[in-house]
Every structure is written in structure tokens, then in C-alpha cells.
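One letter stands for each residue in the lines below.
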Amino acid sequence: MEDYKFLFKVVLVGNAGVGKTCLVRRFTQGLFPPGQGATIGVDFMIKTVEVDGEKVKLQIWDTAGQERFRSITQSYYRSAHALILVYDISCQPTFDCLPDWLREIEEYANNKVLRILVGNKTDREDREIPRHIGEDFAQRHGMYFLETSAKEAENVERLFMEIAVELMEQAKCKELPKYDGSLGPINGKTTSVGDTSCCLRS
Amino acid sequence: MSLTLLLEKYDVSTEEGLQKALLEIEKEEVEVDEALAGVLSRACTLEGRLRTASQAYTKLGEVKTDAQVAADMVDRTAELARDVSAKVRQLDLARSRVAECQRRVHDLIDLQLCSAGVEAAIKAHDYETGAAHVARYLSMEPGSLQAARARGAPDPRHTMERAAATLGEHLVRKFEEAAKKEDEAAVERLFRLFPQIGRADDGVDLLAKYLLTQVEGAVRRACVVAGGAGAGAAGAGAGAEAAVFADALTRVLEAGAAAAERARRVPPPAAGRLPRALRLLQPAVCAGARRVFAAQRAARLDNAANATGAGALAAEPVLAELALSLSRVRLYFDFLRRKTEADASTLDEAGKQASAEAIEKIIAECELTRIAQDMLAHYLQLERYFLEESVSKALKMATPQAGSTTSSLVDDVFFIARKVIRRGVSTGSVDGACAVLNEAGALLERLPAAALRRWLRASVCSVCECAACSVSVCRRGVSPGSVDAACAVLNEAGALLERLPAAALRRWLRAPPDALPLPPPAAAPALAPAPRLTKELDAQRALFLAHLNEAEAGGEWAERLASEAVAEAGALCRGERDAAKLASCAAGLGAAAAAFRAAHDLGLAGLRAALRPRLLAWADALADPGDLAEDIEEDTDADALPAALDVLAESARAQLSPQTADAVLLGALSDLAARAERRLLHHTYSREAGLVVERRARRLAGWAGGAAPAARERCARLAQAAALLALERLQHAHHALQPAARLAPADARILARR
Ligand SMILES: Nc1nc2c(ncn2[C@@H]2O[C@H](COP(=O)(O)OP(=O)(O)OP(=O)(O)O)[C@@H](O)[C@H]2O)c(=O)[nH]1
Ligand SMILES: [Mg+2]
């Protein structure tokens, strides 16, 4: 058995071409793939990181942005511990679609999932969405916000590490009381972290 | 000695001195004479030697001239050898040149023959011979042809090339004629000639074009059938005509596969060209698939989307058809991959690689792939609808009605889930299977597990709360030391619990009141059967147990489904990544299993809480020292509790799974023993009372040993505690604690004092 204490599922969503796959590969493999083709269906990668001396395994699901894969990708929302919603700061339409994505998240993801808004491609000169616009949007919708560049490896490591730290904190809070009579389903996915049989190992 | 020395040494001025000097001189003279004589004697030897030397010198001169002669000879020989080898080399060169010349002459002669032969063959329609000539021409060394031209002769290649081109044109024309006439034999014959004349690619293209017309025809026929049936289906409503669209798609794909199979039979020199043919053929297959899918959408899916009201039942045939279509597409692509691999099997590694990459590119970029993706999207949407719809229906049907005593919720729901997952796997798409697994896991976790929990909680939660509060009230009652107060509180709590539905569960613990020889006086009224226990309560009790069993079964089911899915879909995975993806999605069912387990645990806790008042009463009875009913047989007294527990165990075993029944019994006995022990510390005992209590405890431990092994240890401890009470003397205490002390020493001391 592998040696890790926590396993978290992180799902990346967002329009086609915003750089989800590049972000994942930058983080997991440390490279910026040239000529990255569109993702088909769903792809997944694993990286184990260390937080406070504890091993945390991140299972990263990279979904396809194209419309026709929607019904495949939607099925991954529910089991996600964290959702990264990505747009391209140099492409207004990808930002304009965010409300649609949020609607989808509302419908399929569990309501306590950790949500992070990411504006990617900060290395590009032709920025169309100023930083504060993205920041405002994230704040209005209760999301964390970060701008990244998969190409220049800017903030990519930080993005995933902060998610790991945050999820671990959540998991630790939930570790103690398992039966919580008043609060709807017990032990189900609604307590997003540390509840499934595969999540907590010691 | 020199004269000066002599003069210094001797005083020559005196006679005596002179005399001495003379003597000295004479002595020296004699020495010199001797030395001279020695030298003279050696002179003759020297002379002899000198003579020998001069003789040797003359001999050496002779040897030198001889050596010179020899060296000259060696030099001359070497020169000769060099000359010879140079000549040999020249000869070699000359011979190879002659051979080359001969070959060229042959080639040139052949070339003449070939050109003439090709023309003759064309005239005679003997294309095989013509092609053989061209093949011979192509195998000629370019150098000889060039050399021929270099000598100023007219380039012999021109005629030959003209002839070859003419032959090529003829072949193409003939091929097209044969294709038009659909003369399979001629097509096959002509196709085989193209690689010989060095135009394999043209041949493959021609064949592909020929096959393309055939595929187009077949596809058109396939679609026409689908169109007709589709229109019929739209009119007549779905149902009877099963899977016409999947059938039509199958025919389209079969036509494509047949063409691929024919195109693959390219003769060996042109092997590895299947992808080239497929690149031309695939669009026809795609077009056919597009038409079938468009018809299918119009007839079924768009309808299905509108008519979601039609319910899950109507969705099923459509789902089956989509899954079938998807699996056919997958089979078709696998077929193409396999054929391409076989086609490239004679090539080197690089060729194989290139061939495999080419086919993957064709598959990835063709429209059929996109159609399959759209189809999968439709399928998944509808499957999700079907799953939700069917599960909520099952839930609705299973929602407890007044008087219902059984529930098949879990069986129903897992039947549905299994069907859906199997169908998802049958699409042949790993992504499809994964998505279905995700949906099923999420839904199972969300709906049925939650419902069970709710139902179990509805009947139990209040029981739990009451039990919890009654326990705390008891504690409060007990702490002042008034047993009566505690009992009163307990009775009240008991009465309260009895009013709640799940409290009915306790009934099957109840031994008939008459069989209770030693009812604890204060608690007796509460233990009497409540008159309001009606049929309805019975039903509720049965339903509760049914739900409890279902929750347990749900957990097992979910895990079984997960491992089944991994086993069944394992074959679809191409590569480790796919397998890991699948395993991770299947693990989602583990979360559903956990939810069912939680429901089960909740039910168990409720059951235990419902049993507790009765158990506490029994514990009190067990520990009660007073009011020894002497008229009652000792054995009857001691056996009352085991008898009551038998009723409990039998009932539990009959209605619950073995594991659950064991868990219930373990919980019950732990509660009982813990409570009894605490009561032992409260009372004081006479020796007789001690014996009675000890007997009761021993019987209990004996019962536990047989019927509830898990609780044996706990009850044995109680028996030891009771044994201490029955001691005559404190000194014998260690006997009571044989074979192993299960009590803490402090507790033992307190007990022994009573
Ligand atoms: N300049 C720049 N280009 C980027 C960056 N990240 C991604 N790209 C480019 O954006 C294009 C799309 O990147 P992908 O990672 O394939 O996009 P995606 O979101 O995975 O797209 P789908 O898989 O179709 O949903 C590629 O050409 C990348 O080279 C970035 O940080 N800076
Ligand atoms: Mg991608």
C-alpha cells in the first residue's frame, strides 16, 4: 500500500483551450507541453505532496472543455473535494462563460466543495480581463482566486499546494465527530472530506 | 730512482755514500734487466697474434663482398614481388570492369527487349508480361543506364519509360473499366500489377476508389432501411422495432470493415498501405454513420428528451440501442487497428510504428469518432435520467406504508444500478463506463442510503434521544443513592419509549411475564406487556428490521458492484491510465457502501437503545439481593434470564443477518453486564443472596458462552464478580478469581466486602 494519509480529488473545469491540461502537466510533470491537443473525455494524474510533514495524495482530474464531453465531465463533480474553474485572461469569452460553469457546479457538485477561480496565461501580453475583475467575480461567488501561467510556471505550484493545505485543514476538523445527528446525511459525500472509506488511512 | 733523489738520499761526497748509491743503482739495474727480459719474451706471442689478426681481416673482406651480393639479390626480389602484386590488382580491376560491362550490356540488351516487350505485351493485352518487363527495368542499376547515355548514345531509358507509362495508363484504364463493370477478378488481377510497375500507391488509391463506390452503395442501402424504419418508429411509437438504428449503423460499419478487409489483401511488396486506403474509405463510413445517427436523434432522442415524462420504461430500449451502437463503433475501430497491424506485420519496426500512428490519426480525426462522442453524451444524459427516475420510483414504492412489513428497496435499487453499470460497460468506452459508475455511486449514496437512514432514524432517533435522556435522568436519579427514584425514572422512560414506534422492537426481547419468576418489584409494572401493542406495531417492528437488513445488504451490494464493474470493464482499458481511472470511479461506490453502513449502524444503535430499558431491568433483577422467593425453585430463578435471552437470540437470528444478530446480542449482553456489575456494587448481600446472585450470573455466563461467544468474556467477568459475593471467607477470594482475574483488584476488593 502506498504511504499517504489523505487522498483528495481535485477537478479542473473551464472552457476549451484555457490551459487546464497545461496547468496539470506543469504541476505534475514540471513541463509546458508544446502543441497540447484538446483533451478527450477526462484525463487524470496523481501527485503526492507533503503538508506539515504528512503525505497528501492529490488525484487531479483534467476534464475536456468541449461541449460534447459535458455529460462525461459532469459525473466527476460530485466526488470532487476541490473544483478549479479556469479561464483565459486573454480571452473574454472564456470569462463570460463563468456563470454557466457556476450553474453547472451548483447543480452537480456538492455544495461544500472547495472552489477556486483561476485566471491562466498571465504571461500573455494581450490581457483582456484585468486582475481585479476576476478577483471581484471570485469574491462575489465565494471562491478563492489566483492568476497563473502554466507557461512560466507562475503560481501553479502554489495553486495546488494551497488546495492541499486547505483540504487538509477541513479534513482534520471533520475527523472527530462522525455522527452529527442534526445535519442531514451522515458520513456521506456532503461532508466532502475525509469521509469515504478510501479517504482516510492511517 | 732518479738521480736527484739519489743525490738527496745519499751523501755522495763521501765514499760510503757513493758506495751505497752505486749499490742502489746496481740493484735497480738488475731489476730493469729482468723487466726487459720479460717484455722481450712476450714480444713473440704478440707477433703471433698480430699475424692471426691480419689473416682474419682478409677473410672478413671476403665475407663483406658475399653479403653485399646477397643484399642486392633480396632487393631485386622485393621489387619483383611489388611488380607482381600491382599487376594482380590491375587484373582484378580489369575483370570487375569486364563484369560490369557485361552486366550493362545485358541490361541494355534487356532494356531493348523490355521496351519492345512492353509494347508487344500492351498490344497483346498481356499486362502481366508487360509488368514483369517494367519490374525488370526498375531492378536495373541506374549506373548502367547513365553510362549508356554518357557514351553519347540516345538515352535508352526514354523509350522504356515511355513504354512503362503507356503500360501504366493502360492498367489504369483497364482497372477503371473493370471497376465499372464490377469485374472483381479483373480488379484483383490488375491491382496486383501496380506494385510491380512501381506504382503501388496509385494501385491502392484506385482500389480504394473502387471499394469506395461499393461502400457508398452499401451505406446508402443501409441508411435507407433505417430511414424507413425510423419514420415508422416515429409514427408507431417506440418499442416493437427494437434496435433498427443500431442495426443500420452495424450494417454501415460492416460495409466499411469489408472494404478494409479487401484493401488489406495488398501483395507483400506494397504492404503497410492499408491506412492510405482507409483514409479514402473512412469518409463514406462516417457519412453513413452521420445519416443514421441524425435519423436516430430525430426519431428517438429528441423525442426522448421531450417525452421524459414517458418515464424510465420508455428510455430503456433507446439506451440499449445507444449502448449497442457505441459498442459497434468500438468494435469497428478495433477491427481497423487489428487489420492495420496485420498489414504492417512484414515491415520493420519503424514501418510498423508509422502504420500504427497513421491509423490512430485516422481514427482520432474521423467524423465517426465525433459521432460516437455525441452518441455517448446522449447516452449518458439519458442514462442519468433513467437511473434517477428508476431509483426514485423504487424509493416511492418502498416508502413505508402503514401496515407494510417488508421492503425490497435495496434489491430493487441495486438491480437497477447493476443493469445501468453493465450497460455502461457494454458501450465499450472507458469514459462512458467511468461516468456511469460515478453517477450510480453518487445516486446510490444520495438517495437510497439516505432514505434508509431517514426511515431508520424516524423510528429510532427519538428512541435514541429518549434512551440517552433516560440514561442521564437515571444517573441523576441514581446519584442520590435512591434506588427507588432511579427505578421510577426508569419506568417513566420505559413508558415513554413504549409509546414510540421503534420501541415495539423491544417486544421480542420480552419473555412472557409469568415466566419471570423474580421480577424486580419496582420495575415490574413497566415490564408488563403494554396493552397498546397492536398489529400495527408489529408491522412497524418488522419493517424496521427489514430496513436494517436492507441497509446491511446495501453496503455489501455496493462493494460487489464495484468489483464486478472493475472486472467487467477491465478488458476495455487500453493502458494503465484507463485502469486507474476505472478503479478510482468504481471506488466511488465505496462511498455509497459507507453511507449504507452508516444507516445500518444507526439502526443498530437504535435497536440497542430500544432494548436497553428491558436489559437494565433484567440487570437489576439479577443483582437484586432482597426478597428471596424461597418458594420458587432455584433453577427456575436462575434460568429465567437465559430463557428470556433465548427468546431474544432466536428472534434476532430469525430476522437479522448472523453478523447483525451477533452485534445485537453482544451489545445487549454488554449493556446487561455493565449495568449488573454496577448494581452489585450498590447492594449488600447475605451469604444466601450472594449464592443466588452468583448462580444467576454463572448461568448467564454459561448462556453467553454458548449463544453469544463474542460476549462471553464480558459475562465471565460478571460471573467472577458474583462469585466474590458468594464467598464464605475472604481468603478464598483467589479461588473465585480463577483461572484468570477479569476484575480490577480494586473492584474485587469492594465486592468482596459486601
Ligand atoms: N501563453 C500561454 N499559453 C498557454 C498557457 N497555458 C496553456 N496555453 C496554451 O493554450 C492552449 C490550450 O491549452 P490546453 O491546456 O490544451 O487547454 P485545455 O483547457 O486543456 O483545453 P481542453 O482540453 O480542450 O479543455 C495550448 O496551445 C497551450 O499552449 C499559458 O499559461 N500561457
Ligand atoms: Mg485539456
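Description of the structure in this document. (Residues numbered from 1 in each chain as written. Chains lettered and ligands numbered in written order. Predicted model: local features only at pLDDT ≥ 70, side-chain atom pairs only at ≥ 80, totals over all residues. Heavy atoms only, no water.)

**Concerning the overall build of chain B**
We apply this condition: Segments assigned H or I by DSSP are reported as helices when at least four residues long, segments assigned E as strands when at least two residues long, and all are numbered from the N terminus. The buried label goes to any residue with under 20% of its type's maximum accessible area, the exposed label to any with over 50%, and the partly exposed label to all in between, with areas taken from a 1.4 Å probe on protein chains only. Contact between two residues is taken to exist if any of their heavy atoms lie within 4.5 Å; hydrogens are not considered. The Shrake-Rupley method, run with a 1.4 Å probe, gives the accessible areas here. Residue values count only the displayed protein chains as cover.
The secondary structure content of chain B amounts to 25 helices and zero strands. Counting every position in chain B, which comprises 754 residues, the buried fraction comes to 47%. For chain B, long-range pairs separated by at least 24 residues make up 80% of all intrachain contacts whose partners lie at least 6 apart in sequence. On chain B, roughly 37,700 Å² of surface is accessible, and the fraction owed to carbon and sulfur atoms is 58%.

**Quick look at the pairing of strand 1 (residues 6-13) of chain A**
All names here are of chain A. Keep this limit in mind: Paired strands, in this sense, are two strands between which DSSP finds at least two bridges.
Counting buried positions over the eight residues of strand 1 gives eight, a clear majority of the element. Along strand 1, one buried face is formed by Phe6, Phe8, Val10 and Leu12 and the opposite face, lined by Leu7, Lys9, Val11 and Val13, is buried too. Two elements, strand 1 and strand 3 (residues 54-63), share seven bridges in a ladder whose sense is parallel. Bridged to Leu12 within strand 3 is Asp62. Pairing between strand 1 and strand 4 (residues 82-88): four bridges, direction parallel. Looking at the pairing, Val13 lines up with Leu85 of strand 4.

**A word on the coordination of the magnesium ion (ligand 2)**
Residues and elements named next belong to chain A. Counted only if it meets this: In this analysis a donor is any N, O or S atom within 2.8 Å of a metal ion (3.2 Å for sodium, potassium and calcium), and since water is not included, sites may seem incomplete.
Coordination of the magnesium ion (ligand 2) by the protein comes from Thr21 (OG1) and Thr39 (OG1), over a distance range of 1.9 to 2.0 Å. Residue Thr21 is found in helix 1 (residues 20-29), and its partner Thr39 is found in the loop between helix 1 and strand 2 (42-51); the two are separated by 18 residues along the sequence. The two residues Thr21 and Thr39 agree in class, both being buried.

**A short note on the site of ligand 1**
Residue and element names in this part refer to chain A. Stated precisely, the cut-off is as follows: Whether a residue is near a molecule or strand is decided by its heavy atoms; if any one of them lies within 4 Å of it, the residue is near. As used in this structure description, the phrase polar contact means that two N or O atoms lie within 3.5 Å; if the pair is within protein, one of them must be able to donate a hydrogen and the other to accept it, and residues adjacent in sequence are counted only when both atoms belong to side chains. A pocket, in this scheme, is an open set of points on a 1 Å grid over the protein atoms alone with protein on both sides within 12 Å along at least 5 of 7 lines, while a cavity is a set where a 1.4 Å probe fits but cannot get out; residues line either one if an atom lies within 4 Å of a point. To be counted as sitting in a cavity or pocket, a molecule needs more than half of its atoms within 2 Å of that site's grid points. Gly counts as polar in this scheme, as do all residues outside two lists: the nonpolar Ala, Val, Leu, Ile, Met, Phe, Trp, Tyr, Cys and Pro, and the charged Asp, Glu, Lys and Arg.
The full set close to ligand 1 counts 22 residues, and Thr21, Thr39, Gly65, Asp123 and Ala150 are the nearest of them. Residue Gly19 places a main-chain N or O atom 3.0 Å away from an oxygen atom belonging to ligand 1. The contact in question runs from an oxygen atom of ligand 1 to an N or O atom on the backbone of Lys151, over 3.1 Å. Protein contacts shield 86% of the accessible area of ligand 1, which totals 650 Å² for the unbound molecule. Because more than half of its atoms lie within 2 Å of the grid, ligand 1 is assigned to the second largest pocket. Tallying contributions element by element places helix 1 first for the shell around ligand 1, with three residues. Tallied by class, the residues present in the shell around ligand 1 amount to seven nonpolar, ten polar and five charged.

**What to know about the sheet that holds strand 6 (residues 144-147) of chain A**
Residue and element names in this part refer to chain A. Inclusion rule: Axis definition: a line fit to C-alpha positions, over the contact stretch in the case of helices; interaxial angles, taken between N-to-C directions, run 0 to 180 degrees.
With mixed pairing, the six strands of this open sheet are ordered in space as 2-3-1-4-5-6. Bordering the open sheet on either side are strand 2 and strand 6, each of which pairs with just one other strand. Averaged over all pairs of adjacent strands, the angle between their axes in this sheet comes to 25°, without regard to strand direction.

**Quick notes on the environment of Ala697 of chain B**
Residue and element names in this part refer to chain B. Note that Ala697 resides in helix 22 (residues 687-707). Residue class for Ala697 comes out buried when judged on its relative accessible area of 0%. Placed 261 residues apart in sequence, Ala697 and Val436 show a C-alpha to C-alpha distance of 56 Å. Here Ala697 is in contact with Leu718, Ala719 and Ala722, once residues within four sequence places are set aside.

**Considering the packing of aromatic side chains**
Residue and element names in this part refer to chain A. To keep things clear, this is the line we draw: Centres within 6.5 Å make a pair out of two Phe, Tyr or Trp rings, where for Trp the six-membered ring is used; the pair is then stacked when the planes are under 30 degrees apart, edge-to-face when over 60, and tilted otherwise.
Counting across every chain of the model gives ten aromatic pairs over all chains. A ring pair is formed by Phe27 and Phe160, whose centres lie 4.3 Å apart and whose planes are at 15°; its orientation type is stacked. Placement of the pair is Phe27 in helix 1 and Phe160 in helix 6 (residues 156-175), with a sequence separation of 133 residues. Here Phe27 falls in the buried class, since its relative accessible area comes to 2%. A relative accessible area of 0% means that Phe160 is categorised as buried. With 4.7 Å between their ring centres and 35° between their planes, Trp61 and Tyr76 make a pair best called tilted. Here Trp61 is found in strand 3, whereas its partner Tyr76 is found in the loop between helix 2 (70-74) and strand 4, with 15 residues between them in sequence.

**Topic: helix 4 (residues 98-108) of chain A**
Residue and element names in this part refer to chain A. This is how it is decided: For this quantity, the arc is that covered by the directions from the helix axis to the C-beta atoms.
When we look at burial in helix 4, the residues that qualify are Leu98, Trp101, Leu102, Glu104, Ile105 and Tyr108. Buried residues of helix 4, viewed axially, fall in a sector of 160°; they line one side. Turned more than 90 degrees away from the buried face of helix 4, the exposed residues are Arg103, Glu106 and Glu107.

**Things to note about unusual backbone geometry**
Residues and elements named next belong to chain A. Positive phi outside glycine occurs at Lys121, with the angle close to 75°. You can see Lys121 is positioned in the loop between strand 5 (114-120) and helix 5 (131-140). With a phi close to 65°, Asn155 is a non-glycine residue in the positive phi region. By secondary structure assignment, the location of Asn155 is in the loop between strand 6 and helix 6. Given a relative accessible area of 23%, Asn155 falls into the partly exposed group.

**Overview of the layout of surface pockets**
Just so we agree on the cut-off: Grid points are joined across faces, edges and corners, and a volume is the space filled by probe spheres set on the points.
Here the largest pocket defines a volume of roughly 1,100 Å³. Contributing to the lining of the largest pocket are 41 residues, with Ile40 of chain A together with Thr369, Gln373, Asp431 and Arg574 of chain B lying nearest its centre. At the level of secondary structure, the elements contributing two or more residues to the lining of the largest pocket comprise helix 1 and strand 2 of chain A together with helix 10 (312-343), helix 11 (349-365), helix 12 (367-398), helix 14 (430-446) and helix 19 (576-623) of chain B. Looking at the lining of the largest pocket element by element, the count peaks at six residues for helix 10 of chain B. Here the lining of the largest pocket is composed, by residue class, of 16 nonpolar, eleven polar and 14 charged. The wall of the second largest pocket is formed by 23 residues, among which Gly17, Val18, Gly19, Lys20 and Cys22 of chain A lie closest to the centre. At three residues, helix 1 of chain A tops the list of elements feeding residues into the lining of the second largest pocket.

**Some points on a negative patch on the surface**
All names here are of chain B. This is how it is decided: What goes into a patch is any residue over 30% in relative accessible area without a salt bridge, connected to like charges within 9 Å or, for nonpolar side chains (Val, Leu, Ile, Met, Phe, Trp, Tyr), within 5 Å. We define a salt bridge as a contact between a side-chain nitrogen of Lys or Arg and a carboxyl oxygen of Asp or Glu at a distance within 4 Å. Within this scheme the basic residues Lys and Arg register as positive and the acidic residues Asp and Glu register as negative, but His and the chain ends are omitted. In this description, the location of a charge corresponds to atom NZ of lysine, CZ of arginine, CG of aspartate or CD of glutamate.
Taken together, the side chains of Glu26, Glu29, Glu31, Asp33 and Glu34 define an acidic patch exposed on the protein surface. Relative to the helices and strands, Asp33 is located in helix 2 (residues 15-123). The exposure class assigned to Asp33 is partly exposed, which follows from its relative accessible area of 45%.

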